[in-house]
Amino acid sequence: MLIGFFRKSFFFQYFMLIFLAGILWAGAFVNPVLPDFDTNQYLMPGYHLVMILIGGNALISVVLAFLFVLIQAFFLNYILIRNDLVPKNTLIPAMVYILLMSHSRTLLLLHPVIISNLFLMIILFNLFKVYTKEDAYNEIFNAGFLTSLGSFFYFPFLYFILFIWMAFIVYSLYKWRDWLIPFTGLITPYIFLLTYFYWSDELFLVLDAYAGYYSTVAFIPLYLQFSLVDWIIAGIIVLLFLWSFLKLAANIQERIISIRKQYGTIFWLLFVCLLTYLGSGSYANSHLALIAMPVSIYFSYGFSNIKRKFWIELFFGILSLVILFNSLKEIIT
């Protein structure tokens with residue numbers, strides 16, 4: 001039902017999608033919670049500044065997080081339509097993204113990843129342009145620069161420089177200049193940041209914060225973080241992802257080369273998201289929000305290219321109901 005309904009993108013579909021997002025976040029609005037994360041001003045200065053501006057108001061933080069999810073959902077929808085990765089006039093990518101970003105109560109707050117996800121989408125948008133331009137130096141620099149800015153809000157985001165270089169392999173870009181430019185973009189904001197802390201006589205505190213992060217980061221086993229409902233949701237998501245992935249793999253050769261390259265880029269994005277999850281430490285739960293974007297893209301392809309929808313609609317409907325229960329259980333039980 002949801003898949004068929006959001007295959008169109010008229011005003012009513014937009015209204016219902018925002019309404020659906022509001023229902024999924026209703027528990028967070030009724031019982032808003034401030035993020036319980038390390039707001040170290042040296043490790044993640046951007047996120048630390050945001051939390052200062054919020055001033056300890058839990059409701060404002062939830063409203064901001066909700067707006068971030070809506071903006072990202074519609075932006076992702078735009079990116080996929082613009083690059084012909086999904087049919088025109090559809091809201092399936094936005095709908096799937098909102099659902100996946102709301103699948104756990106731990107995500108219904110202003111965690112660091114929810115901000116960095118916007119930077120990741122802009123990076124992907126820039127990288128999609130690289131293949132179609134002869135000298136896309138601006139886009140390449142922007143990708144590295146945005147990776148650096150994203151790490152100001154979620155420090156492990158720094159590792160997504162690997163994703164940029166993997167995209168270059170997909171696009172067959174092997175010139176040394178192409179590989180150096182994103183690194184230049186990456187270090188530029190840090191040069192200004194470290195210079196500021198040097199002038200304020202806080203440089204050694206910054207270095208201690210970096211050393212402290214790398215000395216304590218560790219993988220937290222899933223069973224310590226997931227409830228039974230979380231495991232059910234994860235199981236259904238994995239099944240639908242495998243179905244979508246196999247469907248794409250079976251039909252990818254029928255697509256033009258630019259689209260094949262873009263889906264190759266998305267594959268490596270998913271790979272880096274999963275790889276960096278192993279080093280996310282205490283941010284393990286919120287790090288799942290980074291995985292939501294590539295998984296949403298695969299879902300969107302599968303849902304946009306099915307003829308017999310009954311079983312997929314059934315599984316996705318069950319997933320939606322379980323996610324709804326998981327997000328509202330605090331106010332309905």
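Placed above this text is the structure.
Everything numeric here is computed off the predicted structure, so don't read it as measured data. (Residues numbered from 1 in each chain as written. Predicted model: local features only at pLDDT ≥ 70, side-chain atom pairs only at ≥ 80, totals over all residues. Heavy atoms only, no water.)

K.L.:
Would you take a moment to explain the packing of aromatic side chains for this structure?
P.N.:
Any pair of aromatic rings gets described here by the distance separating the centres and the angle formed by the planes. Counting across every chain of the model gives 27 aromatic pairs. Both rings, one in Trp 25 and one in Phe 66, keep their centres 5.7 Å apart while their planes meet at 65°; by these two values the pair is edge-to-face. With Trp 25 in the loop between α2 (11–24) and α3 (26–30) and Phe 66 in helix α5 (residues 58–82), this residue pair connects regions lying 41 residues apart in the sequence. Accessibility assignment for this pair places Trp 25 and Phe 66 in one class, buried. Ring plane angle 65° and centroid distance 5.3 Å describe the contact between Tyr 42 and Phe 197, whose orientation is recorded as edge-to-face. In this pair, Tyr 42 sits in the loop between α3 and α4 (45–54) while Phe 197 sits in helix α10 (residues 176–199), placing the two residues 155 residues apart along the sequence. Residue classification places Phe 197 among the buried positions, given a relative accessible area of 4%. Within the aromatic cluster, the residues linked to one another by ring pairs are Phe 241, Phe 245, Phe 267, Trp 268, Phe 271 and Tyr 298. (Phe/Tyr/Trp six-rings, centres within 6.5 Å; stacked < 30°, edge-to-face > 60°. Helix = DSSP H or I, 4+ residues; strand = E, 2+ residues; numbered from the N terminus. Buried < 20%, exposed > 50% of the residue type's maximum accessible area, 1.4 Å probe, protein only.)

K.L.:
How should unusual backbone geometry be read in this particular structure?
P.N.:
Residues apart from glycine generally show negative phi values, whereas peptide bonds are mostly found in trans. Even without glycine at this site, Asn 89 takes up a positive phi of about 55°. The residue Asn 89 is located in the loop between α5 and α6 (92–100) in this model.

K.L.:
Mind showing me how you'd approach a nonpolar patch on the surface here?
P.N.:
A cluster of nonpolar side chains, namely Leu 59, Ile 60, Val 63, Leu 64, Leu 67 and Ile 71, defines an oily patch on the protein surface of about 470 Å² accessible area. Judged by relative accessible area, Leu 67 falls into the partly exposed class, the value being 42%. (Patch = residues over 30% accessible without salt bridge, like charges linked within 9 Å, V, L, I, M, F, W, Y side chains within 5 Å. Areas by Shrake-Rupley, 256 points an atom, 1.4 Å probe, with all protein chains shown as cover. Salt bridge = Lys/Arg side-chain N within 4 Å of Asp/Glu carboxyl O.)

K.L.:
Just to check I follow, could you spell out the packing of α5 against α6 for this structure?
P.N.:
Geometry of a packed helix pair, given as the angle between the helix axes and the separation of the axes. The contact between α5 and α6 brings their axes to 8 Å, and the two run at 145°. The handedness of the crossing between α5 and α6 is right-handed. Here α5 contributes Val 69, Leu 70, Gln 72, Ala 73, Phe 74, Leu 76, Asn 77 and Leu 80 to the contact with α6, which in turn contributes Ile 92, Pro 93, Ala 94, Tyr 97 and Ile 98. Looking at the contact of α5 with α6 residue by residue, the class counts come to eleven nonpolar, two polar and no charged. (Axes fitted to C-alpha atoms, helices over the stretch in contact; angles between N-to-C directions. Left-handed = near helix turned anticlockwise from the far one by under 90°. Contact = heavy atoms within 4.5 Å. Nonpolar A, V, L, I, M, F, W, Y, C, P; charged D, E, K, R; others polar.)

K.L.:
I tried to follow the nonpolar core on my own but got confused; where do I start?
P.N.:
One broad trend across soluble globular proteins is that nonpolar side chains are buried collectively. Counting 119 residues, the largest nonpolar core has Trp 25, Leu 127, Phe 160, Tyr 263, Met 293 and Phe 316 as its most contacted members. The leading source of residues in this core is helix α14 (residues 284–304), at 13 residues. (Core = buried A, V, L, I, M, F, W, Y, C linked by side-chain atoms within 4.5 Å.)

K.L.:
Please clarify how α10 should be interpreted in this entry.
P.N.:
Note that an α-helix has 3.6 residues per turn; residues three or four places apart therefore point the same way. Compared with the 34 Å implied by 1.5 Å per residue over 24 residues, the 34 Å span of α10 between its first and last C-alpha is a close match. Listed as buried for α10 are Asp 178, Ile 181, Pro 182, Gly 185, Leu 186, Thr 188, Pro 189, Tyr 190, Leu 193 and Phe 197. Phi turns positive one or two residues past the end of α10, at Asp 201, with a value near 60°. (Expected span 1.5 Å × (residues − 1).)

K.L.:
What's the story with the side chain of Ser 116 in this structure? I'm lost.
P.N.:
Along the chain, Ser 116 falls in helix α7 (residues 112–130). Separated by 2.9 Å, the side chain of Ser 116 and the backbone oxygen of Gly 150 make a polar contact. Apart from residues no more than four positions distant in its own chain, Ser 116 is found in contact with Gly 150, Phe 153, Tyr 154 and Phe 157. (Polar contact = N/O pair within 3.5 Å; in protein donor to acceptor, adjacent residues only side chain to side chain.)

K.L.:
For this particular structure, what's the right way to read α2?
P.N.:
Counted at 1.5 Å a residue, the expected span for α2 with its 14 residues is 20 Å, and the 20 Å between its end C-alpha atoms agrees. Every buried residue of α2 is listed here: Gln 13, Leu 17, Leu 20, Ala 21 and Leu 24. Viewed along the axis of α2, the buried residues span an arc of 100°, placing them on a single side of the element. (Arc of directions from axis to C-beta.)

K.L.:
It is not clear to me how the side chain of Glu 139 should be interpreted in this structure. Could you clarify?
P.N.:
With respect to the secondary-structure elements, Glu 139 resides in helix α8 (residues 137–151). When its relative accessible area of 9% is taken as the criterion, Glu 139 is described as buried. Those residues in contact with Glu 139, other than ones at most four positions away along the chain, are Asn 126, Lys 129, Val 130 and Lys 133.

K.L.:
What exactly am I supposed to notice about the environment of Leu 2 here?
P.N.:
Residue position: Leu 2 is located in helix α1 (residues 2–5). Take Leu 2: its relative accessible area is 25%, and that puts it in the partly exposed class. Residues Leu 2 and Gly 317, spaced 315 residues apart in sequence, show a C-alpha to C-alpha distance of 7.3 Å. Residues contacting Leu 2, with those up to four places away along its chain left out, are Met 95, Glu 313, Phe 316 and Ser 320.

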